[in-house]
Amino acid sequence: STAIDSISAEDVGKFPDQNVNEAISRIAGIAIDRGDSGEGQGFSVGADTPNTTSVDIDGMSVLNSNGALSSGTGAGSGGRAADLRELPAAMIKTIDVIKGTTAAMTEGSLGGSVHIETRTGLDFDKPFLSFSADGQQNSITEKLTPSGSAIFGRKFMDDRIGIVGTISYSEFETISDIQQQQTS
């Protein structure tokens, strides 16, 4: 048997999530890999690794877009883990997390699957415009780094054509200290 948990655009809008990884982490049973910077870089369903979780967006499989999660599973070897940091949370219509597999599902996952449906221009009853903005402050450098997003949606031609657009901006400042073993 499988269990399905879902979140919708309404749910995502109630939280300060900047990207889809952060939004998915709010579902029970999802483990998020935050990496060195603290930003959600990857996720897995249950106790499995990100490489064994199948992800699709609007029915299309998502492959690892950057070659490897920056410091997590698959680093240096490519891997299959989906990194959704570039997909803004504001573009999400629904996210369904299926914890388990069935014979009817598309192959490719061991622990679970994540199905993401994005918004379209036809989803809005009237013209839609939304803005969000925030900032973070690095406690060491005391520098403020801004981030924000805007989404627009509208129907045309007697609701036969719709457009949706989004723009996002984020800036992060991180500091890493690495200790290397000295050889003589």
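Data block above holds the structure.
Heads up: these notes are all about the structure in this document. What you see is a predicted model, and the numbers here were worked out from it, not measured in a lab.

About the criteria used
Residues numbered from 1 in each chain as written. Predicted model: local features only at pLDDT ≥ 70, side-chain atom pairs only at ≥ 80, totals over all residues. Heavy atoms only, no water. Helix = DSSP H or I, 4+ residues; strand = E, 2+ residues; numbered from the N terminus. Buried < 20%, exposed > 50% of the residue type's maximum accessible area, 1.4 Å probe, protein only. Contact = heavy atoms within 4.5 Å. Phe/Tyr/Trp six-rings, centres within 6.5 Å; stacked < 30°, edge-to-face > 60°. Core = buried A, V, L, I, M, F, W, Y, C linked by side-chain atoms within 4.5 Å. Pairing = 2+ DSSP bridges. Axes fitted to C-alpha atoms, helices over the stretch in contact; angles between N-to-C directions.

## Some points on the side chain of threonine 145
Thinking step 1. Here threonine 145 is to be found in strand 9 (residues 144–156).
Thinking step 2. What makes threonine 145 buried here is its relative accessible area of 5%.
Thinking step 3. Setting aside residues no more than four positions away along its own chain, threonine 145 makes contact with Asp134, Gly135, Gln136, Glu171, Phe172 and Glu173.

## Things to note about the packing of aromatic side chains
The geometry of an aromatic ring pair is captured by two quantities: the separation of the ring centres and the angle between the planes.
Thinking step 1. The tally for this structure, following the rule as stated, stands at one aromatic pair.
Thinking step 2. Geometrically, the ring pair formed by phenylalanine 124 and phenylalanine 128 is stacked, given 4.7 Å between the ring centres and 10 degrees between the ring planes.

## Concerning the nonpolar core
Thinking step 1. By size, the foremost hydrophobic cluster in this structure holds 20 residues, and its most contacted members are Val20, Ile24, Val55, Leu84, Ile95, Val114 and Ile116.
Thinking step 2. Within the residue set of this core, elements represented by two or more residues are helix 2 (20–24), strand 3 (42–45), strand 6 (92–99) and strand 7 (112–118).
Thinking step 3. Not counting chain neighbours up to four residues away, the residues in contact with valine 20 comprise Leu84, Leu87, Pro88, Ala89, Ile92, Ile95 and Ile116.

## A closer look at the sheet that holds strand 9
Thinking step 1. Strand order in this open sheet of three strands is 8-9-10, and the pairing throughout is antiparallel. Sheet topology places strand 8 (128–137) and strand 10 (161–170) at the edges, where each strand pairs with a single neighbour. Ignoring which end each strand starts from, the neighbouring axes of this sheet average 5 degrees apart.
Thinking step 2. Where strand 8 meets strand 9, ten bridges bridge the pair, whose relative direction is antiparallel. Each residue of the ladder has a partner; that of serine 132, found in strand 9, is serine 149.

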